[in-house]
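Structural features, examined
One letter stands for each residue in the lines below.
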Amino acid sequence: MNVFDYIIVGGGSAGCIVAARLVKETQARVLLLEAGNDEYHPVLKMPAGYMKYLASDKYLTMHQTQPQPQLNGRGVIVPQAKVLGGGSTVNAMVYMRGHRQDYEDWNRALRHEGVDWSWEALLPHYTAIEDNDHLGAPYHGVGGPLKVSHLGHVSPLSRAYVKTLQAMGIPYTPDFNTGNPFGVGFMQHTIDWQTRKRCSVVDAFITPLRHNDRLVIETQAQVQEILFEGNEARGVRYQRHGAEHQAWANSEVILAAGAYQTPKLLMLSGVGPQKHLEEKGIVLRHPLPGVGQNLQDHYEVPVVAATRGAWGYYGQDRGWPLIKAGVEYLLFKTGPVTTTGVESCAFFNPLDFSAPPTIQMFCVPTIYLDRDVMGRDPGHGVTINSLLLRPKATGYVTLRDAMPDSLPLIDTQIFGHPDDLAQTLAGFHFARKVIAAAPIDGMVEREIFPGVDVESEDALAEHCKRMVKTGYHPTGTCRMGHKDDPLAVLTSDLRVRGLRKLRVVDASMMPNIISGNTNAVVMAVAHRAADLILGRETTPVRGLPAERLP
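The structure presented is a predicted model; accordingly, all values stated were derived computationally and were not measured.

Turning to the overall build of the protein chain, a few remarks are in order. When its secondary structure is counted, the protein chain shows 13 helices and 28 strands. Taking 550 residues into account, the globule formula puts the C-alpha radius of gyration at 24 Å, and the protein chain, at 23 Å, falls close to it. Summarising its shape, the C-alpha atoms of the protein chain cover approximately 70 × 50 × 50 Å along the three principal directions. Partitioning the intrachain contacts of the protein chain with sequence separation of at least 6 by distance along the chain shows that 69% fall at a separation of at least 24. For the protein chain, the exposed area adds up to about 20,600 Å²; of that, 53% sits on carbon and sulfur atoms.

What follows is the structure, encoded as structure tokens:
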């Protein structure tokens, strides 16, 4: 019998950090189960390399969402990492923490009872894991395992974008991670500034423990069911290389499989909405109607312009430019390979600069849409993406059937609330103003998609519905909440309500999505979760103690 102290389901950003802390800081024996592989192409270690795999099913599971009536029946592709390290292995490496109000809203969902999830409470966990290349206390850490830096190369288009928005009244900010991400500037990334390579959670937390026999990592392991004794999680059943296995946990089973797979596994195990489980022929073990509900993501829509010359990265991924950039990177760790291609962004409300940001606007110094989408060949240009920070509509994750190998059904409800489309359109209009303003207008030839002839609000709304895409930040499907909230799945200390020895530590736990890229948040939550699991919580709590079952 395989017996461990802890079993962690999901080897992504959250699972790797919790596993590493449990092994390193105690004598616990930990089993970490990951459905993907424990290896990936060396190109993914290069900052620019992730772009080669954005549409690859080798390291990603490509989910097709349910047809969306509000998008004229269109279903959106939403990928999920399928590799040890999860999103930190395949993402664009942006390091962003969100707005302090986001965390206050988490506390509001808990009615300020139990564990405090404020910005101030999480900041020590951000700094504990961080080793920043040039920023320090009080907002940044120095000497932690996770390398954070600015990019090694910035395009002229990105620099012009930053200067243009300042001229339009949006101030420059040197650091988006102080709890108030307002302004325009250059983003920090999880990249080692010395090697100019990606720093994933595998690099930062797992590699130093590879030879520790108390950490057992099994990849290509598809967990099929949580095993219970009464209301207590005792282990898991999983398949690996065609064989079925069982493993048992003396202390806890910890779910870290992400906002799609964590609710799926709970439902397959009989924990979730009673009616839905009965329809799928699954025996109800514990009714929790909120499992799979409250799905939130970020969504973005592009404006594309042609430029007067090669100011960005179009064509740099092939032929002589690729060879030249590769040699420069290998010899000197400089040049275009040291960028992710998305270098600058701005946080603001396009309707009122004095109001909290509603849009995160990225400058992408290339045209990444193909001819089938735009109706013309791409070329040298720039793409301005307006990403909606706090959508009001929420979607859900449900089971396709009772088969563990089936992908879940995902309904994103993009633009399911009229305010979401209205705010996206406001961002779109502002993006058009950006490419027509100095100094970036000196580089821009003309808008080519959707094109200046597309002017009516109805036509622009149709463009948004046709082109809106995920920001790759699914959250919220097992949210924390107050005991009187019928859709709350977790207590403030991340325990599954009504069950023992079962916790969720991934992005599923968020009551509301963070205003920015989510990987940094997931890592800080996981670091905090390890303290909660080990009873080492040192930050203050508010109101009543966290719910604990006898």
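For helix H13 (residues 519-533), which comprises 15 residues, the first-to-last C-alpha distance of 21 Å matches the rise-based estimate of 21 Å (1.5 Å per residue) to within 8%. In terms of burial, H13 is largely enclosed, as 15 of its 15 residues are buried. Positive backbone phi, at 70°, marks glycine 535, one or two positions downstream of H13.

This brings us to unusual backbone geometry. Residue proline 138 is bonded to the preceding alanine 137 through a cis peptide linkage, with omega at 5°. Turning to its location among the elements, proline 138 is positioned in the loop between strand S7 (130-132) and strand S8 (146-150). Although it is not a glycine, histidine 241 sits at a positive phi angle of roughly 55°. At tyrosine 472, a position not held by glycine, the phi torsion is positive, near 70°. Among the secondary structure elements, tyrosine 472 is positioned in the loop between strand S26 (469-470) and strand S27 (502-504).

With that settled, consider the pairing of strand S1 (residues 2-9). Side chains on a regular strand alternate between the two faces of the sheet. When S1 meets strand S16 (residues 243-255), the two strands line up parallel, connected through seven bridges. Looking across to S16, one finds that tyrosine 6 is bridged to glutamate 252. In the sheet, S1 pairs with strand S2 (residues 30-33) via four bridges, with the strands oriented parallel. Directly across from isoleucine 8, in S2, lies its bridge partner leucine 32.

What follows covers the side chain of glutamine 70. One can find glutamine 70 in the loop between strand S3 (60-64) and strand S4 (77-81). In this structure glutamine 70 comes out as buried when scored by relative accessible area, which is 18%. Separated by 2.8 Å, the side chains of glutamine 70 and glutamine 68 make a polar contact. A distance of 2.8 Å separates a polar side-chain atom of glutamine 70 from the backbone oxygen of isoleucine 414. Contact partners of glutamine 70, with chain neighbours within four places excluded, come to Gln413, Ile414, Phe415, Gly416 and Lys465.

Analysis parameters
- Residues numbered from 1 in each chain as written.
- Predicted model: local features only at pLDDT ≥ 70, side-chain atom pairs only at ≥ 80, totals over all residues.
- Heavy atoms only, no water.
- Helix = DSSP H or I, 4+ residues; strand = E, 2+ residues; numbered from the N terminus.
- Rg over C-alpha atoms; globule rule 2.2 N^0.38 Å.
- Contact = heavy atoms within 4.5 Å.
- Areas by Shrake-Rupley, 256 points an atom, 1.4 Å probe, with all protein chains shown as cover.
- Expected span 1.5 Å × (residues − 1).
- Buried < 20%, exposed > 50% of the residue type's maximum accessible area, 1.4 Å probe, protein only.
- Pairing = 2+ DSSP bridges.
- Polar contact = N/O pair within 3.5 Å; in protein donor to acceptor, adjacent residues only side chain to side chain.

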